[in-house]
Every structure is written in structure tokens, then in C-alpha cells.
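Chain by chain, the residues run as shown.
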Amino acid sequence: MKKLLTPLLALALAIVFAACQAAEPSSSVPSSLAPSESSQLSSAVEEGAASSSQLAEPSEAPAGSSALEGSSETGENGGVLIAYFSWAENAVLEEGVDAMTSPSVSDPGNVQQLAGWIQEETGGELFSIQVTDPYPSDWDACLERANEERGQNARPALVEPQVENLDSYDTVFLGYPNWWYGVPMALLTFLEENDLSGKDVYLFCSHGTGGMARSVEIITEAAPEANISDNIFDCYEEDAPASQGDIQAWVAELGLSQPQETTSSETEENDMESTQVAVTCGDLQVVYALNDSPAAQGLLSQLPLTVEVEDFSTNEKVFYPPQELDASDTPLAEGGAGTLAYYAPWGDVVLFYDSFSANSSLFELGEAVSGAENIGQMSGTITVETVE
Ligand SMILES: Cc1cc2nc3c(=O)[nH]c(=O)nc-3n(C[C@H](O)[C@H](O)[C@H](O)COP(=O)(O)O)c2cc1C
């Protein structure tokens, strides 16, 4: 959608643009971060508004809600804080604003989404920077107020100025949208209220075609003693909703991904996978790693066993556990020497020491992890027991 400015706003933007050109030569901004001041301006005016994501249903004002939320206790995981500003959490839907005809705030916000994914990856604490006086949800009106605040070098008041237990965080992810070639002024309020000196700070930013513009310089000036990494995540506004994979890769690259939580069934599976049984015959021994099948569990539940091992054919030794095994949901055996199997029709456990043909009644219990070469020599009494 082509954005039309009111003549008054256009005049104001032109004046600001001229002032920026004079005060902030484009050479002071790395070209990779800011193509040019004029493209940043057109981004703020056109690209930001033209984004279809900006035209979605606006959100109700969340400004009064608690800023700090996360899945873990404060300061866990080496103390990771994810502080961010997003328009969607700093706006109210005003009477008479029609999101279908007037570009408006979208919910969730782009930076808000990025922050959520960082939280998922790091397990850190989310802190939504929220102003006490929410911005208009209408694009033009928000642009105008943001520009006024920028011109006044304002420090908008925050609902929750300070992060509780800031000392417990060594690592801070700081997220923001590009607002007027820089940052929302509320971000500067946040940086003045919360001393990030000595902390490792990782910036993430969503923006229009203006890129990150002067934002990194502004933040560096506001937090000169913070260790601001130059490994910054930024994404174009329309790409933000599909950036979860990129966020995951970025956090992993930073070495800040939390270990994946193991579910109880996975734990059980791992335990089963690592369960080993030893079959001993005199000086000969073979150790098997059992799978997690019901049949393998059935065998385990009968251990320790002392039984007779018998020859069968030219490739297997067999023994009979006292109780039959439940072969349902148990994989069919395939492979060769070293396979531990269960032949359901006869109820015998088979120790293969040579290749064999798979069949629909032969189920796999596990594989030899050592001593497979001893199987063929076993005869007489064997003991079968769990390896501790
Ligand atoms: C008040 C305002 C000013 C903006 N100024 C710029 C700008 O100068 N350059 C730019 O590339 N994008 C600008 N944008 C676009 C936002 O940076 C972009 O849409 C971002 O993805 C919004 O993130 P959010 O949804 O979390 O607020 C501006 C947006 C707003 C609301």
C-alpha cells in the first residue's frame, strides 16, 4: 500500500531529513548497516507502512502488564536477560482507527517475536520495555510522536523502569525496531535506568529498508561500558515472522543455546539404550546393548539368569528364558553376527555369530558391543546379567 503523508507531516519529515543530513553524514554510518539516510527515511515512511504484517489486527494496550516474564527463575542459565522494545506492546487501539484502511500496529510485533524465540533458545528472562504513555496504533500518528520525541531527545517514562535483580544477568539480549534511523527513545530511558556496564550485550533489530542505521552507534554511546558484540542479528520487517530458524542459528553461533530439556520418555529411552547385559560362559563373555523394545524389557526383568546355551544351525546359540517375551512393538531382527534376537514361535533368545535371514517372527533385542567373536565358542551353562 502506498503511504500518503499529510502535507504537514511531509514537511516535518523533510526538515528532519535535512537536519540529519547535516548533523549525521552518511559516511559516519557503516554502509552495511545503513544504505543511506534518504533510504532510511523512505523506509520509515513507505516500507514500514507498506508491510502487510503491519496491517494485521492491532493489539489492545499491554502497557500495564508485568514486563518481566520467562520460563525459568531469574538469573538461571548464567543469567540471560532478553530486554526489548516493540511497538505492539507499546500501543493502544484508539477509537476510530480502522486497521483495514489505515496502516496500524500489528500483533505480535516483529521484535517481540524475535525476543520470544531468543527466550526459547536461551531459557532467559523476557523484559518488555513499555512506556507509561502508549504510542498511537495508527502509523502516521506514531511516526509523528516518535519524531517529536527524537527531536526533543526525550526519555519517555517506563512502566517498569528497572529490571529486578539486574546484577544476576551477565548476558543481555537487547532488541529494538529502527525508529527514525535510530532507536525508540524509550530504549535510551531503559539504558539510563539499567546499567549494562561489564555485561555481554547482543543486539537484535528489525527494520524497514533503512537497516540498522545509526542504532548501534546510539546504543554504544548510551552504554559505553557494556561489551556490545558486533555479532548482531537484524532482519527486514517482512522477514521477521519467518526468522525463527535464523534466530536459532544465531543463538547457537553465540554459544548461548540452552541444552534441550530431555522429556521423561526420552530419559527412559536413553536409559534403555544404554542398558547392557553380559552373557558369560566360563572365560568367554559377550556384552549386548539392548534396545528399548518390550521384548528386551521382558528379558531384563528376568535377569540375572543361569541357563543352558544350545547350538542351533551353523550360526546361532540359543537359550530359553523362563518366561516368554512380549514381542509386540519390537523391531524385526536384521543384520548379522552380534545380533541378539528373540524367536517368538519357540520362545528362545538367539545369539547370532554369523549372518542370518530376517523373518517375521524373529525380533531384535540388541546388538553386541564387545566380545561378539566369543559367541561361537560358548557351550554349557551361561549367566546372563545386567551390566551395572
Ligand atoms: C515510529 C516508527 C519509525 C520507524 N522508522 C524507521 C526507519 O527510520 N527506518 C526503517 O528502516 N524502519 C523504520 N520503521 C519500521 C520498523 O523498524 C519496522 O517495521 C520494525 O520491524 C518494527 O518492529 P516492531 O513490530 O517490533 O515494532 C519505523 C517504524 C515506526 C513505527
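Above this text sits the structure in question.
The notes below deal with the structure included here.

Thresholds, definitions, all that
- Residue positions are given per chain, counted from 1 along the sequence in the order it is written.
- For a predicted model such as this one, the threshold for reporting local features is a pLDDT of at least 70, and the threshold for listing and counting side-chain atom pairs is 80 or more; totals across whole chains, interfaces and linings nevertheless cover every residue.
- Calculation of side-chain values draws on the structure's entire complement of heavy atoms; hydrogens and water are dropped beforehand.
- Only DSSP runs of H or I with at least four residues qualify as helices, and only runs of E with at least two residues qualify as strands; both kinds are numbered from the N terminus onward.
- When a residue's accessible area, from a 1.4 Å probe over protein chains only, is under 20% of the maximum for its type it is buried; when over 50% it is exposed; and in between it is partly exposed.
- Under this definition, polar contacts are N or O atom pairs within 3.5 Å; protein pairs additionally need one hydrogen-donor-capable and one acceptor-capable atom, and for neighbouring residues in sequence, both atoms have to be side-chain atoms.
- Working rule for contacts: check all heavy atoms of both residues, and any pair within 4.5 Å makes them a contact.
- Patch membership requires over 30% relative accessible area and the absence of a salt bridge. Like charges are linked within 9 Å, and nonpolar side chains (Val, Leu, Ile, Met, Phe, Trp, Tyr) within 5 Å.
- Residue-level accessible areas treat just the shown protein chains as cover; the underlying method is Shrake-Rupley with a 1.4 Å probe.
- By convention in these notes, a salt bridge is any Lys or Arg side-chain nitrogen within 4 Å of a carboxyl oxygen on Asp or Glu.
- Axes here refer to lines fitted to C-alpha atoms; in helices the fit is confined to the stretch in contact. Angles between the N-to-C directions go from 0 to 180 degrees.
- Angle categories are assigned with fixed cut-offs, so that under 35 degrees is roughly parallel, over 145 is roughly antiparallel, 65 to 115 is roughly perpendicular, and the rest are oblique.
- Take the far helix as the reference: if the near one is turned anticlockwise from it by less than a right angle, the crossing is left-handed, and if turned clockwise, right-handed.
- Gly is put with the polar residues, along with every residue not named as nonpolar or charged; the nonpolar set is Ala, Val, Leu, Ile, Met, Phe, Trp, Tyr, Cys and Pro, and the charged set is Asp, Glu, Lys and Arg.
- Any two rings among Phe, Tyr and Trp, with Trp reduced to its six-membered ring, count as a pair given centres within 6.5 Å; such a pair is stacked if its planes are under 30 degrees apart, edge-to-face if over 60, and tilted if neither.
- Charge over a ring is defined by NZ of Lys or CZ of Arg lying within 6 Å of the ring centre and within 35 degrees of the ring normal.
- What a helix should span is 1.5 Å times the count of its residues minus one.

**Regarding the side chain of Lys317**
Following the sequence through the fold, Lys317 ends up in strand β13 (residues 316-319). Classification of Lys317 as buried rests on a relative accessible area of 4%. A polar contact of 2.4 Å, which involves the side chain of Lys317, links it to the side chain of Asp311. Engagement of the side chain of Lys317 in a polar contact is seen with the backbone oxygen of Met378, the distance being 2.8 Å. Ignoring sequence-local partners within four residues, the contact set of Lys317 consists of Val309, Glu310, Asp311, Val349, Val350, Leu351, Tyr353, Ile375, Gly376 and Met378.

**Notes on a nonpolar patch on the surface**
Together, Phe312, Tyr320 and Trp346 give the surface a local cluster of nonpolar side chains, amounting to about 320 Å² of exposed area. For Trp346, a relative accessible area of 47% translates into the label partly exposed.

**Structural notes on the environment of Gln302**
Among the structural elements, Gln302 can be located in the loop between α9 (294-300) and β12 (305-312). Measuring from C-alpha to C-alpha, the distance between Gln302 and Glu385 comes to 9.1 Å, with 83 residues separating the pair along the chain. The contact partners of Gln302, leaving out residues within four places of it in the chain, are Pro321, Pro322, Gln323, Glu324 and Leu325. Within the local environment of Gln302, its side chain forms a polar contact with the backbone oxygen of Gly298, the two atoms lying 3.3 Å apart.

**Focus: the packing of helix α5 (residues 185-193) against helix α6 (residues 215-222)**
Interaxial distance between α5 and α6 falls to 10 Å at its minimum, and their mutual angle equals 25 degrees. With respect to α6, the element α5 is oriented roughly parallel. The handedness of the crossing between α5 and α6 is right-handed. Contacts between α5 and α6 involve Leu187, Leu188 and Leu191 on the former and, on the latter, Ile218, Ile219 and Ala222. In the contact of α5 with α6, the residues fall into six nonpolar, no polar and no charged.

**What about the packing of aromatic side chains?**
All chains considered together, the criterion is met by 12 aromatic pairs. Of the aromatic side chains, those joined through ring pairs into one cluster are Phe173, Tyr202, Phe233 and Trp250. The ring of Tyr135 has Arg145 sitting right over it, with the charged end atom 3.9 Å from the ring centre.

**Concerning the side chain of Ser137**
Assignment of secondary structure puts Ser137 in the loop between β5 (135-136) and α4 (139-151). Residue class for Ser137 comes out buried when judged on its relative accessible area of 0%. At 3.0 Å, the side chain of Ser137 and the backbone oxygen of Val92 are in polar contact.

**Some remarks on helix α3 (residues 110-122)**
With 13 residues, α3 ought to run about 18 Å at 1.5 Å a step, and its terminal C-alpha atoms sit 19 Å apart, in line with that. Within α3 the residues assigned to the buried category are Asn110, Val111, Gln112, Gln113, Leu114, Ala115, Gly116, Trp117, Ile118, Gln119, Glu121 and Thr122. Looking one or two residues past α3, Gly123 carries a phi angle of roughly 75 degrees, positive in sign.

**Details of the pattern of salt bridges**
Tallying each qualifying case throughout the model produces six salt bridges. Note that Glu192 and Arg155 form a salt bridge whose closest N and O atoms lie 2.7 Å from each other. Here Glu192, found in helix α5, pairs with Arg155, found in the loop between α4 and β6 (171-177); they are 37 residues apart in sequence, far enough to count as distant. The exposed category is assigned to Glu192, whose relative accessible area is 55%. A relative accessible area of 32% means that Arg155 is categorised as partly exposed. One continuous salt-bridge network, built from bridges that share partners, spans Asp133, Arg145 and Glu149.

Limitation: the analysis is restricted to geometry and does not speak to function.
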